Amino acid sequence: MNEPTLDPGLKAIVSERRQLIGLAYRLIGSLSEAEDVVQETYTRWYALSPTQREAIESPGAWLTTVASRICLDLLGSARARRERYVGEWLPEPLPGHVEWTTGRPPAVDPADRITLDESINMAFLVVLESLTPAERVAFVLHDVFRYAFAEVAEIVGRSPAACRQLASSARRRIRATQVAPTPVARQADLVREFKKAWEAQDIQALIGLLDPDVKAASDGGGVVRAALHPFEGSDEVASYLMTLARWTSGLDLVERDVNGLPGLVLQQAGQTVAVFAFHVAGDRIQHIWGMRNPEKLRPWSGA
């Protein structure tokens with residue numbers, strides 16, 4: 001039986017959904033909220049009359065503009081919500097290797113831009129959280145999705161020069177946190193060694209894998225038990241991990257890609273109860289992010 005063929009115009013609109021979710025996720029750090037943003041964007045599109053839709057020269061650009069503005073509004077209110085959040089707020093982790101594409105032409109100066117893979121790793125998303133909403137939107141649209149500043153200005157509601165300054169400010173802050181990337185294969189080796197040491201409750205082996213200034217944060221959202229404040233320093237983080245190891249004895253710790261990089265997933269009877277993302281520099285683990293909030297583990301239900 002042949003599948004129904006979509007109208008070419010409708011097919012073009014539907015095909016934008018993947019890019020829109022990728023954009024919204026990078027802008028607000030939550031896949032569930034990104035899906036809500038895209039749903040609202042399409043609702044607004046179909047609320048237009050046929051005549052209004054036909055008058056739009058580039059439906060894809062219209063959808064991107066609307067989604068970005070919704071995200072900008074959400075980012076403004078999110079700051080207040082996250083101040084009331086119980087414990088640390090962390091971006092929602094993604095399973096597997098996400099290959100969202102932009103459909104934009106190659107960057108003019110690749111040295112000034114990050115790759116799409118880098119733009120979904122946990123370390124990058126955490127840094128984005130430190131930016132103002134306008135900086136975040138201008139930077140992501142220009143440096144990640146390759147929109148010209150004239151296009152960004154239309155979305156953000158500022159001049160192209162102002163958007164250039166916003167993106168430049170964001171870029172400086174992001175570069176200040178970046179270090180030379182460790183090859184992914186080496187990262188996988190370190191995460192595997194970390195897993196073995198953690199399962200064996202070998203605190204000395206763990207300390208040897210951690211940067212002296214390592215930081216660890218967990219997000220339970222007040223729904224499940226999690227540390228309310230980050231831990232810092234290899235001794236303190238290793239001691240915390242030993243406590244976790246005793247709590248989670250009998251659960252399965254498995255290797256999985258988390259936001260495109262090697263990570264670990266804690267499972268109980270096949271259900272994901274925690275996801276751990278890592279930032280590796282050189283031969284040491286510099287950051288550990290543990291997600292325990294079940295509301296943010298929904299994408300992992302079948303992982």
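Refer to the preceding data block for the structure.
Since this is a predicted model, take the numbers as computed values, not measurements.

(A) A look at the overall build of the protein chain. Looking only at helices and strands, the protein chain features 12 helices and 6 strands. Expressed as a percentage of the 303 residues in the protein chain, the buried residues total 47%. Long-range pairs, those at least 24 residues apart, make up 66% of the contacts in the protein chain with a sequence separation of at least 6. Summing over all exposed atoms, the protein chain offers an accessible surface of approximately 15000 Å²; the carbon and sulfur share of this is 52%.

(B) The sheet that holds strand 1 (residues 210–219), seen in detail. Read from one edge of the open sheet, 6 strands run 2-1-6-5-4-3, paired in mixed fashion. Looking at the sheet topology across the chains shown, the edges are occupied by strand 2 (231–232) and strand 3 (252–258). The strands touched by helix 10 (residues 184–199) are strand 1, strand 3, strand 4 (261–268), strand 5 (271–281) and strand 6 (284–291); relative to strand 4, the strand with the most contacts, the crossing angle is about 30°. Seen against the sheet, helix 12 (residues 234–247) touches strand 1, strand 2 and strand 6 and runs at an angle of roughly 45° to strand 1.

(C) Examining the pattern of salt bridges more closely. Scanning all chains against the criterion turns up 11 salt bridges. For the salt bridge of Glu-40 with Arg-44, the shortest nitrogen-to-oxygen distance reads 2.8 Å. Placement of both Glu-40 and Arg-44 in helix 3 (residues 31–47) is noted, with a separation of 4 residues, approximately one turn of the helix. On the accessibility criterion, Glu-40 (32% relative accessible area) is partly exposed. Salt bridges sharing common partners tie together Arg-186, Glu-193 and Asp-283.

(D) Representation of unusual backbone geometry. We note that Arg-146 has phi near 65°; this positive angle belongs to a residue other than glycine. Within the secondary structure, Arg-146 sits in the loop between helix 7 (133–144) and helix 8 (149–156). Given the relative accessible area of 28%, Arg-146 is considered partly exposed. Within the chain, Asn-259 stands out as a residue other than glycine whose phi angle is a positive 50°. Mapped onto the fold, Asn-259 is located in the loop between strand 3 and strand 4. Here Asn-259 falls in the buried class, since its relative accessible area comes to 1%.

(E) View of the packing of helix 7 against helix 9 (residues 160–175). Here helix 7 crosses helix 9 at 90°, and the two axes come no closer than 8 Å. In this view, helix 7 runs roughly perpendicular relative to helix 9, as classed from their interaxial angle. Residue-level contacts link Ala-134, Glu-135, Ala-138, Phe-139, His-142 and Asp-143 of helix 7 to Cys-163, Leu-166, Ala-167, Ser-169, Ala-170, Arg-171, Arg-173 and Ile-174 of helix 9. Looking at the contact of helix 7 with helix 9 residue by residue, the classes come out as 8 nonpolar, 2 polar and 4 charged.

(F) Expanded view of helix 9. Across its 16 residues, helix 9 extends 22 Å between first and last C-alpha, which sits within 8% of the 22 Å expected from 1.5 Å per residue. Those residues of helix 9 not exposed but buried are Cys-163, Leu-166, Ala-167, Ser-169, Ala-170, Arg-171 and Ile-174. Against helix 6 (122–128), helix 7 and helix 8 lie the buried residues of helix 9.

(G) Just the side chain of Thr-64, in detail. By the element assignment, Thr-64 lies in helix 5 (residues 59–83). Residues in contact with Thr-64, not counting those within four places in the same chain, are Gln-19, Leu-20, Leu-23, Leu-141 and Tyr-147.

(H) Geometry of empty space enclosed by the protein. For the structure on display, the rule yields 2 cavities of 30 Å³ or more. Taken as a whole, the largest cavity encloses approximately 60 Å³ of empty space. For the lining of the largest cavity, the leading source of residues is strand 4, giving 3 residues. Tallied by class, the residues present in the lining of the largest cavity amount to 8 nonpolar, 3 polar and no charged. Here the lining of the largest cavity spans two domains, and each of domain 1 (8–96 + 111–177) and domain 2 (184–300) adds at least three residues to it. Looking at the second largest cavity, its volume works out to about 40 Å³. Around the second largest cavity sit Leu-90, Pro-91, Pro-93, Met-122, Val-258, Val-275, Phe-276, Ala-277, Trp-289 and Met-291, which together line it. At the level of elements, strand 5 and strand 6 are the ones that each hand at least two residues to the lining of the second largest cavity. Looking at the lining of the second largest cavity, the element that brings in the most residues is strand 5, giving 3 residues. Grouping the amino acids of the lining of the second largest cavity by side-chain chemistry returns 10 nonpolar, no polar and no charged. In this structure, the lining of the second largest cavity is formed jointly by two domains, domain 1 (8–96 + 111–177) and domain 2 (184–300), each of which donates at least three residues.

(I) Inspection of helix 8 at higher detail. Looking only at helix 8, the buried set comprises Phe-149, Val-152, Ala-153, Ile-155 and Val-156. Viewed end-on, helix 8 has its buried residues packed into an arc of 165°, placing them on one side of the element.

Cut-off values and rules
Residues numbered from 1 in each chain as written. Predicted model: local features only at pLDDT ≥ 70, side-chain atom pairs only at ≥ 80, totals over all residues. Heavy atoms only, no water. Helix = DSSP H or I, 4+ residues; strand = E, 2+ residues; numbered from the N terminus. Buried < 20%, exposed > 50% of the residue type's maximum accessible area, 1.4 Å probe, protein only. Contact = heavy atoms within 4.5 Å. Areas by Shrake-Rupley, 256 points an atom, 1.4 Å probe, with all protein chains shown as cover. Pairing = 2+ DSSP bridges. Axes fitted to C-alpha atoms, helices over the stretch in contact; angles between N-to-C directions. Salt bridge = Lys/Arg side-chain N within 4 Å of Asp/Glu carboxyl O. Parallel < 35°, antiparallel > 145°, perpendicular 65-115°, else oblique. Nonpolar A, V, L, I, M, F, W, Y, C, P; charged D, E, K, R; others polar. Expected span 1.5 Å × (residues − 1). 1 Å grid on protein atoms, 1.4 Å probe; cavity = no way out; pocket = protein on both sides within 12 Å on 5 of 7 lines; lining within 4 Å. Points joined across faces, edges and corners; volume = space filled by probe spheres on them. Domains from an automatic or database assignment. Arc of directions from axis to C-beta.

Just geometry here; none of it tells us what the structure is for.
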